[in-house]
Amino acid sequence: MRAFLLRRFLIMIGMLALLSLIVFIILELPPGDFAERHVYQLKSIGIFVTEEDLLNYRHQFGLDRPWPERYLRWITNIVTRGNFGLSLIYRKPVTDVIGERLGFTAILAISAVILLYGLAIPIGIYSAIHQYSIGDYTFTILGYVGIAIPNFMLALVLLYISVTVFGTNVGGLFSPEYLDAPWSWARLIDFLKHLWIPTIILGTSGTAFQIRTMRATLLDEKNKLYVTVARAKGLPEGRLLMKYPVRVALNPIVSTMGWELTRVISGAPIVAFVLALPDTGPLFLRALLDEDIYLGGSLLMIYSALTIFGTFLSDIMLALLDPRIRQGEKV
Amino acid sequence: MADLGGLSGTGTASQPGLRGLQTEKELKYYTATQAQLIWWRFKKHRLALLGTSILAIFLIIVLFANFISPMDPFTRNSNYIFGPPQKLHFIDEEGTFHLRPFVYGVTNELDPETFQFNTVEDTSQAYPVQFFIKGDPYKLWGIIRTDIHLFGVEDGFLHLLGTDKLGRDLLSRAFFATRTSLTIGVIGMLFTFFLGLIIGGISGFFGGRVDDITQRLIEFTRSIPDLPLLMALAASLPKEWSPLRVYFSITFILALLGWTNLARRVRSKLLSLREADFIIAAKIAGSSDARIIMRHMLPSFMSYIIVDLSISFPYMIIAETSLSFIGLGLRPPVISWGVLLNESQNIKAISQHPWLFSPVVFVILAVLAFNFVGDGIRDAADPYAT
């Protein structure tokens, strides 16, 4: 087990290192840089800027150094001091800009994943046991629709319903009166009231998919000989189901948990944009549009790191759940 | 001896018709080609058939977008800005029934106090819907110059889905958007197909170290959240590029992240087929590598490839729509589903002009149809299905 953990951990570190390089290169791709955009903005509000100023700005932002050098400095600062560089738009350290917002993104992602599995596993078991029942068909059709509706559309539909039917705007994560208030019990309640909509939106597409997986594997398992043996032995049906076929059927569910987290985090920025959530999504979009490479790069890096870490966790859970995986890795 | 012969004779004679029918049926089953078998099994899947008919309609829209849309997608109707959808009527004010549906003339005026558009139906003016009517001129497939549209009205105007902020007909725009968004899916699928086939092929064919590296690469690609990465890549396209160039770049970017499933499939099939009896037999018979791959290996997993491709299609559509929706993908004057929905992205637009949101129906229908068809092919192509 220890060797297995170590191996997975080393792979994770290697992936993170490769990832940081790719992220930096992608953000370097757009022609022009932040200094040019800055000069362009100054010009558009009528300030006279010379060619020399442009070079000065570029030097001031540190953008005149070759990119490998900037990459090395960026990644060294992250690793040694947890410093993600300076956001060029906000003229503040990236960590300050992201600050609380990253916490919201993480809470959102985690609650979406919990909702996803909390719904998918019981419904999947139900559908497999009551195959071709009305409930099974209903969930199957709902599942299809859940897959077919992109996240942002679901967000728009819910916004529309909330405005036309309930007459309130559910965008954001706080009501106006709590927006800048310090944390308190009332603010927490208000926060939870707003949290459920993005949670549902981010959770649904994955739920639909996992219901199908759970249903299919359980259908395969429940007619196997070992189940018949257990039944012949006289185990009560409920206990039998949970102890044998469900446990085996959980395998593909747990092993794809990392991908599910990837899917949730992947959809988060656009949903956050539509619902105007004060999390990292809108920041990310703005950073991309304005070529703020440190802010955009750091966020892309954090999103990916979250999913890589999630995959690592799901590997560990799989090893705990299934002895065959542990044994297999030892050889 | 003769007795035995008689016995067997009576055995067949007792149910001659059934026997004959059975063998004929069996004969048909055993001599059917792979494609026929797949088609028979596919036909049993009702949802897949439904999906196929929806896709057929979409194909007609893609091919004849100019003809079936009542207007040119860029024609502005300055009398009907932000106009809500017009209702089709069959029964007029006097209660008489008309077989030919008609619309009433509508005026849409800006209220100077509230700055909202007030729409009033004028029941004295009725415009019956005409078929094969003259309208905006266009060139069908770039060759045939004509001005005949499938339907429309004379004198007045017909906006069944309403109009946008410039008074352009939303239904026509949705038809043209269908053309763009679906072709993006098709071209993206082709890119995906080649990337997956080549990378998976190399991985499975060489095996060993190359295979290891490719597998790590696939795992790596899968573990990056794709939409943020797509956003970053799409944002890196220069703004001054021509729409066509952006269109192809976006398609290629989508394929760049979508090839992993197919590559995995091709690799695992190649690896398992390498050891299969019929491949070894072909080798012993002296077939060349190229012949073995093209003639023996590829047909045996082609159905899987088709399934994977049909499943990657909804992914392409959703990804393109999402990107264009937040303004990082295609941009006007190109019309795609995402570009249309881009106009309905804030709460004000949705509450005041909810019809701008209607292209969503197209997207959902397309994605559902592709999922149904993909499921149907998967079930039909599975050789182990009962």
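Residues numbered from 1 in each chain as written. Chains lettered and ligands numbered in written order. Predicted model: local features only at pLDDT ≥ 70, side-chain atom pairs only at ≥ 80, totals over all residues. Heavy atoms only, no water.

Trainee: Can you walk me through a nonpolar patch on the surface in this structure?
Mentor: Residues and elements named next belong to chain B. A surface patch of nonpolar side chains, about 750 Å² in accessible area, is lined by Val186, Leu190, Phe194, Ile198, Ile202, Phe205, Phe206 and Val210. No other element matches helix α6 (residues 170–206), which puts seven residues into the nonpolar patch. In this fold, Val210 is placed in helix α7 (residues 208–223). Of the residues examined, Val210 reaches a relative accessible area of 34% and is grouped as partly exposed. (Patch = residues over 30% accessible without salt bridge, like charges linked within 9 Å, V, L, I, M, F, W, Y side chains within 5 Å. Areas by Shrake-Rupley, 256 points an atom, 1.4 Å probe, with all protein chains shown as cover. Salt bridge = Lys/Arg side-chain N within 4 Å of Asp/Glu carboxyl O. Helix = DSSP H or I, 4+ residues; strand = E, 2+ residues; numbered from the N terminus. Buried < 20%, exposed > 50% of the residue type's maximum accessible area, 1.4 Å probe, protein only.)

Trainee: Is there a simple way to think about the packing of aromatic side chains in this case?
Mentor: The geometry of an aromatic ring pair is captured by two quantities: the separation of the ring centres and the angle between the planes. Residue and element names in this part refer to chain A. Enumeration over the complete set of coordinates arrives at 14 aromatic pairs over all chains. Arranged with centres 6.2 Å apart and planes meeting at 85°, the rings of Tyr126 and Phe139 form a pair that is edge-to-face. Of the two residues, Tyr126 is situated in helix α5 (residues 94–129) and Phe139 in helix α6 (residues 134–148); the sequence distance between them amounts to 13 residues. Among the residues examined, Tyr126 registers a relative accessible area of 35% and is labelled partly exposed. (Phe/Tyr/Trp six-rings, centres within 6.5 Å; stacked < 30°, edge-to-face > 60°.)

Trainee: Where do I start with the packing of helix α8 (residues 185–221) of chain A against helix α12 (residues 257–275) of chain A in this structure?
Mentor: The axes of two packed helices give the description: the angle between them and the distance between them. All names here are of chain A. Closest axis-to-axis distance for the α8/α12 pair is 9 Å, and the angle between their directions is 145°. Regarding α8 and α12, the two cross each other, and that crossing is right-handed. Across from Ile197, Pro198, Ile201, Leu202, Ser205, Gly206, Phe209 and Gln210 in α8, the residues of α12 making contact are Glu260, Arg263, Val264, Gly267, Ala268, Val271 and Leu275. (Axes fitted to C-alpha atoms, helices over the stretch in contact; angles between N-to-C directions. Left-handed = near helix turned anticlockwise from the far one by under 90°. Contact = heavy atoms within 4.5 Å.)

Trainee: Would you mind going over the pattern of salt bridges with me for this structure?
Mentor: Between side chains of opposite charge, a pair can form when the charged atoms approach closely. Residue and element names in this part refer to chain A. Per the counting criterion, the structure on display carries six salt bridges over all chains. We note a salt bridge from Lys224 to Glu221, for which the minimum N-O separation is 3.3 Å. With a relative accessible area of 39%, Lys224 lands in the partly exposed category. A relative accessible area of 11% places Glu221 in the buried class. The closest approach of N and O atoms between Glu237 and Arg231, which form a salt bridge, is 2.9 Å. According to the relative accessible area criterion, Glu237 is partly exposed, its value standing at 41%.

Trainee: Sorry if this is basic, but what is going on with the pairing of strand β5 (residues 144–152) of chain B here?
Mentor: Successive side chains on a regular strand alternate, one facing one side of the sheet and the next facing the other. Residue and element names in this part refer to chain B. By the bridge criterion, seven bridges tie strand β4 (residues 130–140) to β5 in an arrangement that is antiparallel. Across the sheet, the residue bridging to Ile133 is His149, located in β5. Counting the residues in the hairpin turn of β4 and β5 gives three residues, including Trp141, whose phi is positive at 55°. (Pairing = 2+ DSSP bridges.)

Trainee: Looking at this structure, how should I read the nonpolar core?
Mentor: Residues and elements named next belong to chain B. Counting 174 residues, the largest nonpolar core has Phe58, Met231, Ile317, Leu328 and Trp337 as its most contacted members. Of the domains in this structure, domain 1 (86–159) and domain 2 (172–380) are the two that each give at least three residues to this core. The residues contacting Trp337, other than those within four sequence positions of it, are Phe58, Ala174, Ala177, Thr178, Ser181, Leu182, Ile317, Thr321, Phe362, Val363 and Ala366. (Core = buried A, V, L, I, M, F, W, Y, C linked by side-chain atoms within 4.5 Å. Domains from an automatic or database assignment.)

Trainee: Explain the interface of chain B and chain A here, please?
Mentor: How large an interface is tends to be reported as the accessible area lost when its parts come together. With 41 residues of chain B at the interface, the matching set in chain A holds 42 residues. The interface formed by chain B and chain A includes zero salt bridges. The tally of links from chain B across to chain A stands at one residue pair in polar contact (both at pLDDT 80 or more). Of all the elements in the fold, those that place two or more residues in the side of chain B that touches chain A are α7, α8 (226–235), α12 (289–325), α14 (347–352) and α15 (359–381) of chain B. The biggest single contributor to the side of chain B that touches chain A is α15(B), with nine residues. Split by residue class, the side of chain B that touches chain A holds 27 nonpolar, eight polar and six charged. (Polar contact = N/O pair within 3.5 Å; in protein donor to acceptor, adjacent residues only side chain to side chain. Nonpolar A, V, L, I, M, F, W, Y, C, P; charged D, E, K, R; others polar.)

Trainee: What is the right way to look at α6(B) in this model?
Mentor: Along an α-helix, residues three or four positions apart point the same way, because every turn accommodates 3.6 residues. Its 37 residues place the ends of α6(B) 53 Å apart at the C-alpha level, agreeing with the 54 Å of an ideal helix rising 1.5 Å per residue. Backbone geometry just after α6(B) places B:Gly207 at a positive phi near 65°. (Expected span 1.5 Å × (residues − 1).)

Trainee: I would appreciate a short explanation of α12(B) in the present structure.
Mentor: Residues and elements named next belong to chain B. The end-to-end C-alpha distance of α12 is 47 Å, clearly below the 54 Å that 37 residues give at a rise of 1.5 Å each. Within α12, the axis deviates most sharply at Leu298, by approximately 55°, and proline Pro299 lies no more than four positions further along. Within two residues after α12, Gly327 carries a phi angle of roughly 90°, on the positive side. (Bend = angle between axes of the 7 residues up to and from the residue.)

Trainee: Before we go on, may I ask you to explain the layout of surface pockets in this structure?
Mentor: Unoccupied space between atoms shows up once a probe the size of one water molecule is rolled over them. Empty space within the second largest pocket amounts to approximately 520 Å³. Around the second largest pocket, the lining comprises 21 residues; the ones closest to its centre are A:Arg8, A:Trp259, A:Thr311, A:Asp315 and B:Glu219. For the lining of the second largest pocket, the secondary-structure elements that each account for two or more residues are α1 (2–28), α14 (293–321) and α15 (323–330) of chain A together with α7 of chain B. At six residues, α14(A) tops the list of elements feeding residues into the lining of the second largest pocket. Of the residues belonging to the lining of the second largest pocket, the class tally is nine nonpolar, five polar and seven charged. (1 Å grid on protein atoms, 1.4 Å probe; cavity = no way out; pocket = protein on both sides within 12 Å on 5 of 7 lines; lining within 4 Å. Points joined across faces, edges and corners; volume = space filled by probe spheres on them.)

Trainee: Whenever I open this one, the domain arrangement of chain B confuses me. Can you help?
Mentor: Domain parsing of chain B yields domain 1 (86–159) and domain 2 (172–380). For domain 1 of chain B versus domain 2 of chain B, the distance between C-alpha centres works out to 39 Å.

Trainee: Mind showing me how you'd approach empty space enclosed by the protein here?
Mentor: Residue and element names in this part refer to chain A. As enumerated under the stated definition, the model contains two cavities of 30 Å³ or more in all. Roughly 30 Å³ of volume is contained in the second largest cavity. Every residue lining the second largest cavity is listed: Phe24, Leu27, Glu28, Trp74, Ile293 and Gly297.

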